[in-house]
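# Structure at a glance
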Amino acid sequence: MSTDPALRLRMADAIRVLSMDSVHRAKSGHQGMPMGLADVATVLWCEALKFDAAAPDWADRDRFVLSAGHGSMLLYALLHLTGYGAMSMEEIKNFRQLGSKTPGHPEYGHTQGVETTTGPLGQGLATAVGMAMAEAHLRARFGADLVDHRIWVLAGDGCLMEGVSQEAISLAGRLKLHKLIVLFDDNDTTIDGRATLAETGDQGARFAAAGWAIRGVDGHDHDAIAQALAWAKQQDRPVFIAAKTKISKGAGPKEGDPHSHGYSLFDAEIAAARAAMGWTALPFEIPDDIAAAWRGIGARGAVEHQAWTQRLAASEARGAFARALSGEVPPEALAALQAHAATCAQRKPAGATRVHSGAALEALIPVYPEMLGGSADLTGSNNTFVKGMAPFDAPDYAGRYVHYGVREHAMAAALNGMALHGGILPYSGTFLCFADYSRPAIRLGALMGARVVHVFTHDSIGLGEDGPTHQPVEHLASLRGIPNLLVLRPCDAVETAEAWAVAIGQVRRPSALVLSRQAVPGVRSEADENRTARGAYEIAAAQNTPALVSLFASGTEVSVALEARALLEAQNVPTRVVSVPCFELFAEQTQSYRRAVIGEAACKIAVEAGIKQGWAELIGPCGFVGMHGFGASAPAKTLFEHFDITANAIVRTALAWLNDGH
């Protein structure tokens, strides 16, 4: 190995001491996992991990994912010791304090060197699968001279108990993502006690059954760990290494004690642990020889980084590579969507908005090579596939369409991983009702600002006969409740094209396109401006002013509101209609714009085939025509009549509101 064995043991002890001291100072946190995995992490970073601490964003670096995010001090210690500039000792001292770079769980975009936000167990592992997919795809596109790195994951018992882990490992095994290596902290520990309280399965056999190469190793034997890592690099499939460790290794009586998971050691226990390690330095001080050794590891990758930089400069693909990594939207893509929207405005095609989305993708995919699509076994229903797209699969990963199988949660997490890796704008589809399966990953993506597009079709009772198990009623409100997530529900072909333009133009937030199964008429006859980007706009004015009634609707209910407007106008009730494709974008508009769109009508009515939650906050006190409970199994037209989401129902509601003197 490249470092002296005795020195390397002390390098691992540096991680243990920093973890003990930081958790003790914060009176909060988890030193058990960092102490137990210090040996594995030390050997990995010294012998196998490709990185340059001076260039944290080097595109061809290995990705290190701490799936067991509660052990964040392991990562923070490594970042500090190897010389990441933003991770000073002062930040280590401020562990878990407001504004520090060392929050309780690693946060992407907040701390330099953190590749993904982790903490909800299993998410890091599933996100890493997306990173490995991105690596494979970009390597197929640009060649191994520019893209040739690995994704290393540290996961614990909790990560492997979470259901998303099964989805993720089976997908990775099917795709033979051989650059993905999972190191399992096999310490038989959960918060309640031994992991065997709740788990008696053979994790190695489980991974092997999913098509992974597996191996066990003593997680405190540096030579054995190094050999296992070297072996892992030679495999032709994803790798699972179970490292047998002791939680809180080196912590005296607490070593191996499952209750030391989130236990903050007392002064006497820390003193005893230091004595056992022969560690005499003061708290938050690292002996010079150990500090120098770690800094040397952090600087070692500079040579390889420089060689890569030279290869990139000499490559004919350097321009395309740089643009892909920048996330810049090709001008051709926006132009294609604009031209498509103009055609739709002229022709006003009737159809389901999921079909309109497919048509928009037909214009978009050929001119936006970074887009990589897919579906959770609902390709024909989601309209996410464009003719000519090849499948993303082993051994040729150049394809741009992923068959995720029925794995909505892992799919959403993989989208996050691809986006965080860079070089890809991922999108994928499922039914809106199944957003519940994806929600933890959607929320985490919003927290991280991951630039992904979730395509959710079959958005209401309008899906018909499949019934209430598949009919979303609360889902729009639920998704709108996630901060930093755009929820776009277009009403026709023009708005759908505009919604795609909005989604691909985002920089630091994900988007959800919510689309219908049932057909709707075309209602927009102009596309000179992307009005969807405003979040809400007047789509039809009252014939006479001032308007007495303002109808606010999204998606398929916009055409219903327009029909109601005609009926009210026929009764000499001036009525205007506002299309509201995106609450979030409307909330970001100027106060004067919002006031103008909301208007001063005495009667305001929201119309949506979901629950009312959120509408009053957006537009003020209002009547509501929509859902008040679960749906039923019947044809769509029958259901809209049964649940009274009709033009006549809107008219009755408006007249009652006006007659009551609201």
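Preceding this paragraph is the structure being described.
Reading the values: rules and limits
Residues numbered from 1 in each chain as written. Predicted model: local features only at pLDDT ≥ 70, side-chain atom pairs only at ≥ 80, totals over all residues. Heavy atoms only, no water. Helix = DSSP H or I, 4+ residues; strand = E, 2+ residues; numbered from the N terminus. Rg over C-alpha atoms; globule rule 2.2 N^0.38 Å. Buried < 20%, exposed > 50% of the residue type's maximum accessible area, 1.4 Å probe, protein only. Areas by Shrake-Rupley, 256 points an atom, 1.4 Å probe, with all protein chains shown as cover. Lys, Arg positive; Asp, Glu negative; His and termini not counted. Charge placed at Lys NZ, Arg CZ, Asp CG, Glu CD. Salt bridge = Lys/Arg side-chain N within 4 Å of Asp/Glu carboxyl O. Pairing = 2+ DSSP bridges. Axes fitted to C-alpha atoms, helices over the stretch in contact; angles between N-to-C directions. Arc of directions from axis to C-beta. Contact = heavy atoms within 4.5 Å. Core = buried A, V, L, I, M, F, W, Y, C linked by side-chain atoms within 4.5 Å. Polar contact = N/O pair within 3.5 Å; in protein donor to acceptor, adjacent residues only side chain to side chain.

## Remarks on the overall build of the protein chain
Each helix and strand counted, the protein chain has 26 helices and 20 strands in total. Taken over C-alpha atoms, the radius of gyration comes to 28 Å for the protein chain, in line with the 26 Å a tight globule of 662 residues would show. Projected onto its principal axes, the C-alpha coordinates of the protein chain cover approximately 90 × 55 × 45 Å. Within the protein chain, the proportion of its 662 residues that are buried is 62%. Taken as a whole, the protein chain presents about 24100 Å² of accessible surface, with 52% of it coming from carbon and sulfur. Averaging the locations of the 57 positively and 69 negatively charged side chains of the protein chain gives two centres separated by 2 Å.

## Regarding the pattern of salt bridges
Scanning the model with the defined rule gives 29 salt bridges in all. Residues Asp393 and Arg174 are paired through a salt bridge, measuring 2.8 Å at the closest nitrogen-oxygen approach. Linking Asp393 in the loop between helix H16 (379-382) and strand S10 (401-403) with Arg174 in helix H7 (residues 163-175), this pair joins segments that are 219 residues apart in sequence. With its nearest N and O atoms 2.5 Å apart, the salt bridge here joins Arg652 to Asp644. Accessibility expressed as a relative area gives 45% for Arg652, which makes it partly exposed. Overall, Asp644 belongs to the partly exposed group, its relative accessible area being 34%. What you see here is one network of salt bridges that share partners, running through Asp459, Arg480, Arg489, Glu557 and Glu608.

## Notes on the sheet that holds strand S14 (residues 511-514)
Strands sit in the order S10-S9-S11-S12-S14-S13 across an open sheet of six strands; the sheet is parallel. At either end of the open sheet lies a strand with only one pairing partner, and these are S10 and strand S13 (486-488). Across this sheet, the average inter-strand angle for adjacent strands is 20°, counted without regard to direction. With five bridges joining them, strand S11 (residues 425-431) and strand S12 (residues 453-457) adopt parallel strand pairing. Its bridge partner being in S12, Tyr427 is matched across the sheet by Val453.

## Here we look at the environment of Ala322
Its place among the elements puts Ala322 in helix H13 (residues 318-326). Along the backbone, Ala322 and Ala59 are 263 residues apart, and their C-alpha atoms lie at a distance of 9.7 Å.

## With respect to the sheet that holds strand S18 (residues 575-579)
The five strands lie next to each other as S16-S18-S17-S19-S20, forming an open sheet whose pairing is mixed. At either end of the open sheet lies a strand with only one pairing partner, and these are strand S16 (537-540) and strand S20 (623-626). Each adjacent strand pair in this sheet contributes to an overall mean axis angle of 30°, direction not counted. In the sheet, strand S19 (residues 603-608) pairs with S20 via four bridges, with the strands oriented parallel. By the bridge assignment, Glu608 is partnered in S20 with Gly626.

## Brief notes about helix H10 (residues 267-277)
Glu269, Ile270, Ala273, Arg274 and Met277 are the residues of H10 that are buried. What you see down the axis of H10 is that its buried residues fit within an arc of 135°, all on one side. Among the exposed residues of H10, those pointing more than 90 degrees away from its buried face are Asp267, Ala268, Ala275 and Ala276. Buried positions along H10 lie against helix H1 (5-26) and helix H2 (32-48). Following H10 by one or two positions, Gly278 has its phi on the positive side, about 70°.

## Brief notes about the nonpolar core
Judged by nonpolar contacts, the single largest core of 129 residues is most densely connected at Trp45, Phe64, Met133, Leu177, Leu180 and Trp294. With sequence-adjacent residues up to four places away left out, Trp294 is seen in contact with Met11, Ala14, Ile15, Thr42, Trp45, Cys46, Leu78, Leu81 and Thr82. One finds Phe586, Ile619, Phe624 and Ile650 within the second-largest nonpolar core, a separate group that totals 48 residues.

## Topic: the environment of Ser326
Position of Ser326 relative to the elements: it lies in helix H13. Judged by relative accessible area, which is 49%, Ser326 ranks as partly exposed. Only 3.1 Å separates the side chain of Ser326 from the backbone nitrogen of Glu328, close enough to count as a polar contact.

## Focus on unusual backbone geometry
The step from Ala394 to Pro395 runs through a cis peptide bond, and the omega angle for that step is 0°. Along the chain, the position of Pro395 falls in the loop between H16 and S10. If you check the backbone angles, Arg96 has positive phi at about 70° while not being a glycine. Note on placement: Arg96 falls in the loop between helix H4 (89-93) and helix H5 (123-142). For Arg96, a relative accessible area of 26% gives the class partly exposed.

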